Amino acid sequence: MFSFIGRSIVQKTITLFFVSVVSFLIIHLAPGEPSQIDPMNPKFTPEMVERFRTQFHLDKPLYVQYVYFYRDLFTGKIVSWKDNQSVLAKIWERFLNSLPLFIVGTLLTWTLSFPVGIRSAIYRGGVYDRSATFFSYLLISIPGFFFAYILIILVVTAFHVPVIGMETYGMGNAPWPNLFMDRIWHLLIPSALGATAGIAVLSRYVRSQMLEVEGQDYVRTAKAKGLPPDQVHYKHALRNALLPFVTMFGLILPGLIGGSVIIESIFSWPGMGRMAYEAILARDYPIILTVNFLSAVLVLAGTFLSDLLYLVVDPRIRL
Amino acid sequence: MAFQKPLLRTEDLKVYFYGRDKISRAVDGVSYHIHAGETVCLVGESGCGKTVSALAALGLIPSPPGKIVGGRILFKGTDILSLDEDAMQKIRGNQISMVFQEPLTSLNPVFTIGDQIGEAIRTHETISQDALDKRCVQLLRDMGIPSPEQRLHDYPHQLSGGQRQRVMIAMALACNPDLMIADEPTTALDVTVQAQILNLLKSVQEKASMAVLYITHDLGVVSGIADRVYVMYAGLIVEEGNTRQVFGNAVHPYTMGLLASLPDRKKRGKRLHNIPGTVPNPAYKPDGCPFHPRCSHAVESCKTVEPEMIPLEEGHRCRCPVLAKKP
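Before going into details, it helps to say that this report is about the structure given with it.

Thresholds, definitions, all that
- Here the residue index of a chain counts from 1 through its sequence in written order.
- All chains are assigned letters beginning with A, and all ligands numbers beginning with 1, in the order in which they are written.
- Predicted model: local features are reported for residues with pLDDT of at least 70 only, side-chain atom pairs are reported and counted for 80 or more only, and whole-chain, interface and lining totals are derived from all residues.
- In computing side-chain properties, one takes all heavy atoms of the structure into account and sets aside hydrogens as well as water.
- The rule is simple: put a 1 Å grid over the protein atoms alone, call a set of points where a 1.4 Å probe fits but cannot get out a cavity, call an open set with protein on both sides within 12 Å along at least five of seven lines a pocket, and count a residue as lining if it has an atom within 4 Å of a point.
- Grid points are joined across faces, edges and corners, and a volume is the space filled by probe spheres set on the points.
- By definition, any uninterrupted DSSP run of H or I lasting at least four residues is a helix, any uninterrupted run of E lasting at least two residues is a strand, and each is numbered from the N terminus.
- The nonpolar class holds Ala, Val, Leu, Ile, Met, Phe, Trp, Tyr, Cys and Pro. Asp, Glu, Lys and Arg form the charged class, and all remaining residues, Gly among them, are polar.
- Here, axes are lines fitted to C-alpha atoms. For helices the fit covers the stretch in contact, and angles between N-to-C directions go from 0 to 180 degrees.
- By definition, turning the near helix anticlockwise from the far helix through less than a right angle yields a left-handed crossing, and turning it clockwise yields a right-handed one.
- Pairs of residues are marked as contacts when any of their non-hydrogen atoms sit within 4.5 Å.
- Exposure categories follow from relative accessible area, calculated using a 1.4 Å probe and restricted to protein chains: below 20% of the type maximum is buried, above 50% is exposed, and the middle band is partly exposed.
- Each helix should span, by expectation, one fewer than its residue count multiplied by 1.5 Å.
- By arc we mean the arc of the directions from the helix axis to the C-beta atoms, nothing more.
- Buried area: the accessible area, evaluated with a 1.4 Å probe, that two parts lose upon being put together, summed over both parts.
- Within this document, salt bridges are pairs made up of a side-chain nitrogen of Lys or Arg and a carboxyl oxygen of Asp or Glu, the two lying within 4 Å of each other.
- Here a polar contact is taken to be a pair of N or O atoms separated by no more than 3.5 Å, where protein atoms must pair a possible hydrogen donor with a possible acceptor and residues adjacent in sequence count only if both atoms sit in side chains.
- Centres within 6.5 Å are what make two rings of Phe, Tyr or Trp a pair, Trp counting through its six-membered ring; a difference in plane orientation under 30 degrees is then read as stacked, over 60 as edge-to-face, and the rest as tilted.
- Working rule: Lys NZ or Arg CZ, within 6 Å of ring centre, within 35 degrees of ring normal, means a charge sits over the ring.
- Two strands qualify as a pair provided that DSSP identifies no fewer than 2 bridges between them.
- Viewed with both strands pointing away, a crossover whose connecting path from the first strand over the helix to the second turns clockwise is right-handed.

Space left empty within the atom packing is revealed by a probe, the size of a water molecule, rolled over the atoms. Counted as a void, the largest pocket has a volume near 1,200 Å³. Around the largest pocket sit 37 residues that line it, and A:Lys223, B:Leu60, B:Ile61, B:Pro62 and B:Ser63 are the ones nearest its centre. Contributing elements (two or more residues each) for the lining of the largest pocket: helix 4 (87-122), helix 7 (176-214), helix 8 (217-224) and helix 9 (229-241) of chain A together with helix 1 (50-58), strand 4 (66-75) and helix 2 (85-91) of chain B. Classifying every residue of the lining of the largest pocket by side-chain character gives 21 nonpolar, seven polar and nine charged.

Our next topic: the packing of helix 7 of chain A against helix 9 of chain A. All names here are of chain A. At a minimum axis distance of 9 Å, the contact between helix 7 and helix 9 shows a crossing angle of 120°. Crossing geometry of helix 7 relative to helix 9 is assigned as right-handed. Facing helix 7, whose interface residues are Gln 209, Met 210, Val 213 and Glu 214, helix 9 presents His 233, Ala 237, Leu 238, Asn 240 and Ala 241. Its residues assigned to classes, the contact of helix 7 with helix 9 comprises five nonpolar, three polar and one charged.

Residue and element names in this part refer to chain A. Inspection of the secondary structure assignment puts Ala 200 in helix 7. Among the residues examined, Ala 200 registers a relative accessible area of 2% and is labelled buried. A sequence separation of 88 residues divides Ala 200 from Leu 112, and the C-alpha atoms of the two residues are 9.6 Å apart. Residue contacts for Ala 200: discarding those within four places in its chain leaves Ser 136, Leu 139 and Ile 140.

Because an α-helix packs 3.6 residues into every turn, residues spaced three or four apart end up facing the same way. Residues and elements named next belong to chain A. If you check helix 6 (residues 144-159), its first and last C-alpha atoms are 22 Å apart, about what 16 residues at 1.5 Å a residue would give, namely 22 Å. Of the residues making up helix 6, those classed as buried are Phe 147, Ala 148, Leu 151, Ile 152 and Val 155. All buried residues of helix 6 project into a common sector of 140° when viewed along the axis, lining one side. Residues of helix 6 that are exposed and angled more than 90 degrees away from the buried face: Ile 153, Leu 154 and Thr 157. Elements that come into contact with the buried residues of helix 6 comprise helix 5 (127-141), helix 7 and helix 11 (261-266).

Across the twelve residues that make up helix 4 (residues 113-124) of chain B, a large majority, nine, are buried. All buried positions along helix 4 of chain B are accounted for by B:Ile113, B:Gly114, B:Gln116, B:Ile117, B:Gly118, B:Glu119, B:Ala120, B:Ile121 and B:His124. Looking at the buried side of helix 4 of chain B, the elements it contacts are helix 9 of chain A together with helix 2, helix 5 (129-142), helix 6 (148-151) and helix 7 (161-173) of chain B.

Okay, the interface of chain B and chain A next. Taken together, the 27 residues of chain B in the interface contact 20 residues of chain A. For the pairing of chain B and chain A, the buried interface totals around 2,200 Å² over both sides, and the portion due to carbon and sulfur atoms is 59%. Scanning the region where chain B abuts chain A turns up three salt bridges. Put simply, chain B and chain A have eleven residue pairs in polar contact (both at pLDDT 80 or more) between them. Of all the elements in the fold, those that place two or more residues in the side of chain B that touches chain A are helix 1, strand 6 (96-99), helix 3 (103-106), helix 4 and helix 7 of chain B. In terms of residue class, the side of chain B that touches chain A is made up of 14 nonpolar, nine polar and four charged.

Turning our eyes to something else, we now look at empty space enclosed by the protein. Applying the stated criterion across every chain yields a total of three cavities of 30 Å³ or more. Computed from the structure, the largest cavity encloses a volume of approximately 80 Å³. In terms of lining, the largest cavity is formed by A:Thr221, A:Ala224, A:Lys225, B:Gly93, B:Ser97, B:Met98, B:Ala120, B:Met168, B:Met171 and B:Ala172. Of all the elements in the fold, those that place two or more residues in the lining of the largest cavity are helix 8 of chain A together with strand 6 and helix 7 of chain B. Counting residues per element, the lining of the largest cavity draws most heavily on helix 7 of chain B, which supplies three residues. Class assignment for the residues of the lining of the largest cavity results in six nonpolar, three polar and one charged.

Let us look at the packing of aromatic side chains. Per the stated rule, a full pass over the model turns up 18 aromatic pairs over all chains. Centroid distance B:Tyr233 to B:Phe291: 5.0 Å. Interplanar angle 85°. Geometry classified as edge-to-face. In this pair, B:Tyr233 sits in strand 9 (residues 228-233) while B:Phe291 sits in the loop between helix 11 (253-260) and strand 11 (310-313), placing the two residues 58 residues apart along the sequence. Owing to a relative accessible area of 1%, B:Tyr233 belongs among the buried residues under this scheme. Members of the aromatic cluster, connected to one another through ring pairs, are A:Phe24, A:Tyr66, A:Phe69, A:Tyr70, A:Phe74 and A:Phe293. Geometry around A:Tyr128 places A:Arg119 over its ring, the cationic atom sitting 4.6 Å from the centre. Sitting over the face of the ring of B:Phe111, A:Lys235 holds its NZ or CZ atom 4.9 Å from the ring centroid.

All names here are of chain B. In terms of burial, strand 7 (residues 179-183) is a largely internal element, five of the five residues being buried. Of the two faces of strand 7, the one holding Leu 179, Ile 181 and Asp 183 and the one holding Met 180 and Ala 182 are both buried throughout. Pairing between strand 6 and strand 7: four bridges, direction parallel. Bridging from a neighbouring strand, Val 99 pairs with Ala 182 of strand 7. Summarising the sheet, strand 7 and strand 8 (residues 211-216) pair through five bridges and their orientation is parallel. Paired with Ile 181 across the two strands is Leu 213, which belongs to strand 8. Once you follow strand 7 into helix 8 (residues 191-208) and on to strand 8, the crossover reads as right-handed.

As a further point, take the sheet that holds strand 4 of chain B. Residue and element names in this part refer to chain B. With antiparallel pairing, four strands are arranged side by side in an open sheet as 2-1-4-5. Two strands lie at the open edges of the sheet, namely strand 2 (23-34) and strand 5 (78-79), each paired on one side alone. Across eight bridges, strand 1 (residues 8-18) lies against strand 2 in antiparallel orientation. By the bridge assignment, Val 15 is partnered in strand 2 with Val 27.

Take the sheet that holds strand 6 of chain B next. Whether parallel or antiparallel, the strands of a sheet pair through hydrogen bonds between backbone atoms. Residue and element names in this part refer to chain B. An order of 6-7-8-3-9-10-12-11 is seen for the eight strands of this open sheet, with the pairing classed as mixed. With partners counted over all chains shown, the strands left at the sheet margins are strand 6 and strand 11, one partner each. Each strand axis lies, on average, 20° off the axis of its neighbour in the sheet, ignoring direction. Sheet analysis places strand 9 next to strand 10 (residues 236-242), joined by six bridges and oriented antiparallel. Bridging from a neighbouring strand, Val 229 pairs with Gly 241 of strand 10. Together, strand 3 (39-43), strand 7 and strand 8 form the strand contacts of helix 8, whose direction differs from that of strand 8 by roughly 160°.

The next point concerns the side chain of A:His236. Take A:His236: it is sitting in helix 9. Relative accessible area serves as the criterion here: at 1%, A:His236 is assigned to the buried category.

Where burial is concerned, most of strand 2 of chain B is hidden: nine out of the twelve residues are buried. What sits between strand 1 of chain B and strand 2 of chain B in their antiparallel hairpin is a turn of four residues.

Nothing here speaks to function; it is all geometry.
What follows is the structure, given as structure tokens:
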């Protein structure tokens, strides 16, 4: 057990090192350089470009830049090239903004997909299953941005709630219940939107997984024992159908970062995804690389977590 | 025996599977009966409808696509096809239990042995946890599983194939059923383990005086355990009788073919007999006698006339008008 944890931490550190190298190289392979931005700008004199390049070590060889960058990252001194502010502080602020969106979206996705998928599987071919199938394919097929605008128009015209941003501008002095409701409205629409696609896809997975398990011999054995249908479905079948979702559960962690670039952009939500997107446009390497590094950490942490979860839920896996 | 009411009787049972554009007549008018305490064998090749006709008795035909389209199944005199789901649950596992073919996949991998056996008992009886544990241990001990107290906390993957089948049998016996259906319980096991399992089944049957419906394709097994035998072909029973009649006096050409293809010391060094052709797809059965394309005795009328069961002697009947007429 402890040897597994130790081994896996060592392995994941090695992986992380390679990820850091590769992502660093890929960024520098991309055409263009931060120092070349807008050469037509008269204020951008060659001297300025030169000063900029020396200040941010862009004149040094790549491996030196690599060492400088990760040294700064681990000492926390890393700053954005755009406004000279601490990258970690910026990310933390944006992370706190993204967090409620992520939590509500994930909760909606996981709590709704399972009942829908399981019910579809149990009553396969029935009216419920067919309409669930129809709606999930509908939601998968509709482009997210299009659906978002329809939803915004609907909410704004029907409820007169402006849903862009994290809160309505100029609400500062309103009594707290109004502020609170305003926040809820602003949070609910983007998270529901982010969850719809997730629900549509995940409920399909749940359905097919459940159907596969329902056809297994041990489910027939459970029925032959005379167990009531609820015990057959929710104890014997569901417990086995859940196993593959442990892997997926570990992989929702990286969704914390950049999981919702489109939605954050549409709703002007000042979250991580939008920050990363803007950093890419501005070629703000420190932010891009830090976000990249953090999401790699989250992916590895997620897989580690799901490995540990497997130990708990699947008796066949022992260390 | 003959005047006693049978424990289980199916009459003209028909189970069809509805595919996209064709109907598979998996079981097409099967009648069999089992008396209390008796061992009856259903014999036939793969796909002849043996398992389906037994699953029907438990109401476990996968539906859709399967559907019982005709006939009756009488268990202790009540037609179980007319019972609702709740009443069926009281019969399943409690009065009729089943041992399946694949011990490797028939146990749920994520629950312990004790949990799965105990569950069968708890479903049908109110029992304290202590008494339940004791009974599970006793069941496992009866099955010849060493150190049953520890095995109770094992998961199926920690046991061997033979042990898992013993667990399956323990589970089937947990509520002292009147009838146990054993669907090829030894097919997936090694030959040496097969013999052990067969002996085990025989001894528990004697102890519990329960009836066993044994489904197999292995005639060698049949001669060792059966009181009576039903030979099935393409969804029909083609010959029935007691073991002596079927093995010593087979009339139907299919039964004779099966018997001739058994390996035997006298046939050493010679080629084994095989029945030419293959079992017809249940969706495309030939007209008339389903066996006529493979039968060396077939006459013109076999291609058009569906044969009836013809009584030969006490309890021995056969579905071949050509050979049955000969004395």
